[in-house]
Amino acid sequence: MAEVREAVAKREGADVSRRGFLGWMLAAWSSILIFTAWVIGWSGQFMRPRLIYELSPRFKAGFPDDYPLGTVSLIPGRRVWIVHYQEGFQAIQAICTHLGCQPNWIEAEGIFRCPCHGSTFDRYGANIGGPAPYPLRRPALEVAPDGRFAVDMSRLKAPKNLAEAHDTSLFIQPESTSKG
Amino acid sequence: MKKFLEWYFYQIETLFQKIETSEKSIGKRFLDWLVETEVWKSIYRVRTPFDTTAKRTLVMRESVWLHLLPSKMPANWLDFHYSFFLGIISFYLFFVLIVTGLLLMLYYRPTISLAYRDMLDFKYGVIPYGMFMRNLHRWGAHAMLIAVMFHMLRVFLSGAYKPPRQFNWVIGVFLLVITFLLSFTGYLLPWDQLAMWAITVGSNMASYTPFLGYQGPFSLLDQWHDAHFILLGGTVVGEAALIRFYVWHCVIFPVILAVLISIHLWRVRKDEFSYPMELAPEGIPAQISSQEALEAEIEWLKKTREKLQEPKLQPRVFVWPDFIIPTAMVMVVTTVVLILASIIFDAPLEEMANPSLTPNPSKAPWYFVGLQEMLVYFDPWIAGVVLPGLIIIGLILVPYLDPTVSGIGNYPLSPKVWKQRPLAVTIFTSGFAMWFILILIGQYFRGPNWQWYWPWESWAIEKTTQAKLYLTPEDYISCAFSKRKTFLPREEADKLLNIRKPTVVECITRRNKRLAVNEAQASEGPPASGVKEAQPSENAVEMVLLAPKPKYQIIGWLALFLFYTLGMWLPRYFFPKIYHIMGVRRYVIMSFLLTTMVGLWAKIFLRLGFNIKYVVRTPWFNI
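The rules behind each value
Residue numbers here run from 1 along each chain, matching the order of that chain's written sequence. Numbering of ligands from 1 and lettering of chains from A proceed in the order in which they are written. Only residues with pLDDT of at least 70 get local features here, since the model is predicted, and only at 80 or more are side-chain atom pairs given and counted; chain-wide, interface and lining totals rely on the full set of residues. Side-chain calculation: all heavy atoms of the structure are included, whereas hydrogens and water are not. Strand pairing follows a simple DSSP-based rule, namely that at least 2 bridges must link the two strands. By definition, any uninterrupted DSSP run of H or I lasting at least four residues is a helix, any uninterrupted run of E lasting at least two residues is a strand, and each is numbered from the N terminus. Throughout, an axis means a line fitted to C-alpha atoms (over the contacting stretch in the case of helices), and angles, computed between N-to-C directions, take values from 0 to 180 degrees. Whenever a carboxyl oxygen of Asp or Glu lies within 4 Å of a side-chain nitrogen of Lys or Arg, that contact is scored as a salt bridge. Under the scheme applied here, a residue whose accessible area is under 20% of the maximum for its type counts as buried, over 50% as exposed, and between as partly exposed, the area being computed with a 1.4 Å probe on protein chains only. Working definition of a nonpolar core: buried Ala, Val, Leu, Ile, Met, Phe, Trp, Tyr and Cys residues. They are joined through side-chain atoms within 4.5 Å. Here a residue-residue contact requires only that any non-hydrogen atoms of the pair lie within 4.5 Å. Ring pairs shown here join Phe, Tyr and Trp side chains whose ring centres sit within 6.5 Å, with only the six-membered ring taken for Trp; geometry is labelled stacked below 30 degrees between planes, edge-to-face above 60, and tilted in between. Two parts lose some accessible area (1.4 Å probe) when they are put together, and adding that loss for both gives the buried area. Here a polar contact is taken to be a pair of N or O atoms separated by no more than 3.5 Å, where protein atoms must pair a possible hydrogen donor with a possible acceptor and residues adjacent in sequence count only if both atoms sit in side chains. Residue type decides the class: Asp, Glu, Lys and Arg count as charged, Ala, Val, Leu, Ile, Met, Phe, Trp, Tyr, Cys and Pro as nonpolar, and the leftover types, Gly among them, as polar. For each structure, a 1 Å grid was placed over the protein atoms alone; sets of points admitting a 1.4 Å probe that cannot get out are labelled cavities, open sets with protein on both sides within 12 Å along at least five of seven lines are labelled pockets, and lining residues have an atom within 4 Å of a point. Grid points are joined across faces, edges and corners, and a volume is the space filled by probe spheres set on the points. Throughout, disulfides are identified as pairs of cysteine sulfur atoms within 2.5 Å of each other. We treat Lys and Arg as the positive residues and Asp and Glu as the negative residues; His and chain ends play no part in the count.

## Regarding the sheet that holds strand 8 (residues 127-129) of chain A
Residues and elements named next belong to chain A.
Here's step 1: Pairing within the open sheet is antiparallel, and its four strands lie in the order 5-6-7-8. Strands with a single pairing partner mark the edges of an open sheet, and in this sheet they are strand 5 (104-106) and strand 8. The mean angle between the axes of side-by-side strands here comes to 35°, regardless of whether they run parallel or antiparallel.
Here's step 2: The sheet contact formed by strand 7 (residues 120-122) and strand 8 spans two bridges and is antiparallel. When the sheet's bridge partners are listed, T120 is paired in strand 8 with G129.

So this is what it looks like as structure tokens:
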């Protein structure tokens, strides 16, 4: 039997030892794995464009005087409210933390309520009812040198609980607005 | 069905006799000439009439379309109440959807500036029969979803997933999932308000995927790199999402579905159509767990095949024409129903999608409204990712969790189904019913702001609800041990909290009020507030803020642990035989899934009855 095997090996010019065979197998399989990983990698990259044609997350939103005390104003097309509290101004993102619908401001009750699953938020954006797990997020709100509000949706503050949502220390108070 | 067929064949026979005895008409002579031409013979190799065994077998084998079916099959398949032809109906509807979908693609342009305009073109008759075509596509899709769901139920009830057909059930589950995904991706294409917000809600679930979603627990990626972004090609449902969904809907999913359907049908043909067990030989092997058992199984299959050849035991019929004719009739009936529905009802089209205005209420497509209803009671990553995942895994595991072979080929509506497999049938049908109950609640009992509206109540009257005071399990325990049960006058507490359990609530109110006072003193007087005037709901909010006491959270964990321990142990206690039959691994998986299913109702009960939002809380997720 052994002679036959030797003869066959000689005739085919193949002289592959077990170790050599395993080495080849290892090389073959690892290159297949590397290739697969690379393909998965670039597929993931391919699905994620470097530039997205969406509205800029940074925009100007009028002068502080445009927002009287106690008002909750939705910026059209931007999904942001600018709220004027006694303690100052704050921007609240109009995207429910549950599943991304746009809550409505209900003046009579003083709450935001989401039409999709009934989450409610108080006027500070804290989640007080329904399935929303966190308070509404806050885009960065600043007063630009020209005196107008500058909202930056890419810098979001995400309060984790009611105490953080009710923290008024970050509200801004532009000088041009007379208090009270 | 059988009687009708007999009558039908009798009519055909008499008709042929009449034709043969009468003088040859021009039409008959033309046909005789036609079937003798070389062209005809080159196309159809088997010559009419198909009156011999050989010809009836050949006609099935020679056709590429028909060869997915065998040439003979068990006679029970001719009974409408065995299969209800649901698989055939699903397959046919898929064909209808391909045809109507391709026609719609001739006009539809998937960009946000044009998609809705094309919808209006269909609606206002710019394209003749455009709206009709759209209706056919829409109602056909809904009908297909219903057909595949009930097809699955039928297969379960008649035990057709049992050996040797287990893997075909798994392929069936994939088919079901892809049918749902096809319907979901198609839902965005009209680009109206309904579409956009349903997809916003649906796709946001992806952002709650653990690790891979930016809002999920243990999130690793940001808003511009996570699963949600890859799904939509952007951060919101916009231009990129529309073209992405279009390609998934029109190319990728249909191709996958077509391939899987071929495998599904091929395996049906190879494994035989299911038939009643009385016809099978004795001594069915109990389970395939070892090589011996596998050999026994093969032996049994062989014997079955042999036995099936005996005409007395197993009435078998020719697929052509005995099965082909009812199939064709079912397809005709489906077509008629679909056409009538499309004439009477128009597919809905709302205003053009507006990213800055969510319609109220905003409902998912009806087949996902059950999920949406679940989303009210759970954190999104549980209701949107974990529970659907468990449903799919549970369905896939069905044939592998059920080791018995009893009940194969039962007629789905016969009492034998339940008598032979009480536990399996109870679990599956209750899960199936649960899915539809949740859909019914979401679809017909939820109005603006997802409030509960009875079907006879008008949505015009807005229901205002005060912010609810959510409690925790430990609140109930700690109140049970406290002495004084009242703090506020009862009316005041009721007015303040507007919830049903006054004693416990008052108790908690007292505790929280005390904490609130302490807190206020610590921060030197109450905070000045102009906007935050005495709002009852806001007082309640203050209490929620102060309620959690971390060191007692163990109570919630204990409750959860106890629930799962009991849920997984009780079936074993009451049905020891089932534990014995299933073995440890199968039993543990089955009872875990079952307990989770019951847990869904338990959580709904806790939320509605006891105002408990979360049973256990962690910094990363809540349950």
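## Here we look at the pattern of salt bridges
Here's step 1: Summed over all chains, the structure comprises nine salt bridges over all chains.
Here's step 2: Note that D146(A) and K60(A) form a salt bridge whose closest N and O atoms lie 3.3 Å from each other. In this pair, D146(A) is assigned in the loop between strand 9 (138-143) and strand 10 (149-157) and K60(A) in strand 1 (residues 58-60), connecting sequence segments 86 residues apart.
Here's step 3: Overall, D146(A) belongs to the partly exposed group, its relative accessible area being 38%.
Here's step 4: Across the pair K162(B) and D402(B) runs a salt bridge whose closest N-O atoms are separated by 3.3 Å.

## Overview of the nonpolar core
The tendency in soluble globular proteins is for nonpolar side chains to be buried as a group.
Here's step 1: If you look at the biggest cluster of nonpolar residues, it comprises 129 residues, and the most contacted ones within it are W81(A) and W169(B).
Here's step 2: Among the elements that line this core, the one with the most residues is helix 8 (residues 130-157) of chain B, at 14 residues.
Here's step 3: Filtering out sequence-adjacent residues up to four positions away, W81(A) remains in contact with V72(A), S73(A), L74(A), Q90(A), A91(A), I92(A), Q93(A), A94(A), P103(A), W105(A), F112(A) and L136(A).
Here's step 4: Membership of the second largest hydrophobic core comes to 13 residues, among which are Y67(A), F89(A), M153(A) and I172(A).

## A closer look at the packing of aromatic side chains
Residue and element names in this part refer to chain B.
Here's step 1: Applying the stated criterion to the full structure yields 52 aromatic pairs over all chains.
Here's step 2: Here the aromatic rings of F80 and F85 are separated by 5.8 Å at their centres, their planes lie at 15°, and the arrangement is stacked.
Here's step 3: By relative accessible area, which is 2% here, F85 ends up buried.
Here's step 4: A ring pair is formed by Y129 and F132, whose centres lie 6.2 Å apart and whose planes are at 70°; its orientation type is edge-to-face.
Here's step 5: A relative accessible area of 65% means that Y129 is categorised as exposed.
Here's step 6: Judged by its relative accessible area of 21%, F132 falls in the partly exposed class.

## So, the interface of chain B and chain A
Here's step 1: Each side of the interface is counted separately: chain B has 56 residues, and chain A has 46 residues.
Here's step 2: In this assembly, chain B packs against chain A so that about 4,000 Å² is buried in total across both faces, 55% of it on carbon and sulfur atoms.
Here's step 3: Applying the counting criterion to the chain B and chain A interface returns zero salt bridges.
Here's step 4: In this structure, the connection of chain B to chain A is made through 10 residue pairs in polar contact (both at pLDDT 80 or more).
Here's step 5: Broken down by secondary-structure element, the contributors of at least two residues to the side of chain B that touches chain A are helix 10 (193-204), helix 11 (227-232), helix 15 (366-377) and helix 22 (536-546) of chain B.
Here's step 6: When the residues that make up the side of chain B that touches chain A are grouped by side-chain class, the tally is 27 nonpolar, 20 polar and nine charged.

## A few points about the environment of I171(B)
Residue and element names in this part refer to chain B.
Here's step 1: Tracing the backbone shows I171 in helix 9 (residues 166-188).
Here's step 2: For I171, a relative accessible area of 4% translates into the label buried.
Here's step 3: In this structure, the C-alpha to C-alpha distance between I171 and I396, residues 225 residues apart in sequence, is 8.5 Å.
Here's step 4: Residue contacts for I171: discarding those within four places in its chain leaves L260, I263, H264 and R267.

## So, the sheet that holds strand 3 (residues 80-85) of chain A
Residue and element names in this part refer to chain A.
Here's step 1: The three strands lie next to each other as 2-3-4, forming an open sheet whose pairing is antiparallel. Each edge of the open sheet carries a strand with a single partner, namely strand 2 (72-75) and strand 4 (88-93). The mean inter-strand angle of the sheet, taken between neighbouring strand axes irrespective of direction, is 25°.
Here's step 2: Sheet analysis places strand 2 next to strand 3, joined by four bridges and oriented antiparallel.

## Focus on the layout of surface pockets
Residues and elements named next belong to chain B.
Here's step 1: By volume, the second largest pocket amounts to about 1,400 Å³.
Here's step 2: For the second largest pocket, the lining is made up of 49 residues, of which G87, I88, F91, I261 and L265 are closest to its centre.
Here's step 3: Elements that contribute at least two residues to the lining of the second largest pocket include exactly helix 6 (86-105), helix 8, helix 9, helix 12 (239-271) and helix 14 (319-344).
Here's step 4: Per-element tally for the lining of the second largest pocket: the top contributor is helix 12, with 10 residues.
Here's step 5: When grouped by side-chain class, the residues that make up the lining of the second largest pocket number 31 nonpolar, 12 polar and six charged.

## Here we look at empty space enclosed by the protein
Here's step 1: By the definition in use, this model includes two cavities of 30 Å³ or more.
Here's step 2: Taken as a whole, the second largest cavity holds about 60 Å³ of empty space.
Here's step 3: Residue lining of the second largest cavity: P133(A), Y134(A), Y208(B), Q215(B), G216(B), P217(B), D379(B), P380(B), W381(B), W620(B) and F621(B), and that is the complete set.
Here's step 4: A per-class count over the lining of the second largest cavity returns eight nonpolar, two polar and one charged.

## Regarding the state of the cysteines
Residues and elements named next belong to chain A.
Here's step 1: In this structure the tally under the stated criterion is one disulfide over all chains.
Here's step 2: Disulfide pairing places C101 opposite C116 at an S-S distance of 1.9 Å. When the S-S torsion is -85°, as for the bridge of C101 with C116, the disulfide is left-handed. Note that C101 is positioned in the loop between strand 4 and strand 5 and C116 in the loop between strand 6 (111-113) and strand 7, a separation of 15 residues in sequence. Of the two residues, C101 and C116, neither departs from the other in class, the shared state being buried.

## Concerning the side chain of K363(B)
All names here are of chain B.
Here's step 1: Topologically, K363 is positioned in the loop between helix 14 and helix 15.
Here's step 2: The buried charged residue K363 lacks any salt bridge partner; its closest oppositely charged side chain belongs to E373, at an N-O distance of 8.1 Å.
Here's step 3: A polar atom in the side chain of K363 sits 2.9 Å from the backbone oxygen of Q443.
Here's step 4: Among residues more than four places away in sequence, those in contact with K363 are A198, Q372, G442, Q443, Y444, R446, W450 and W459.

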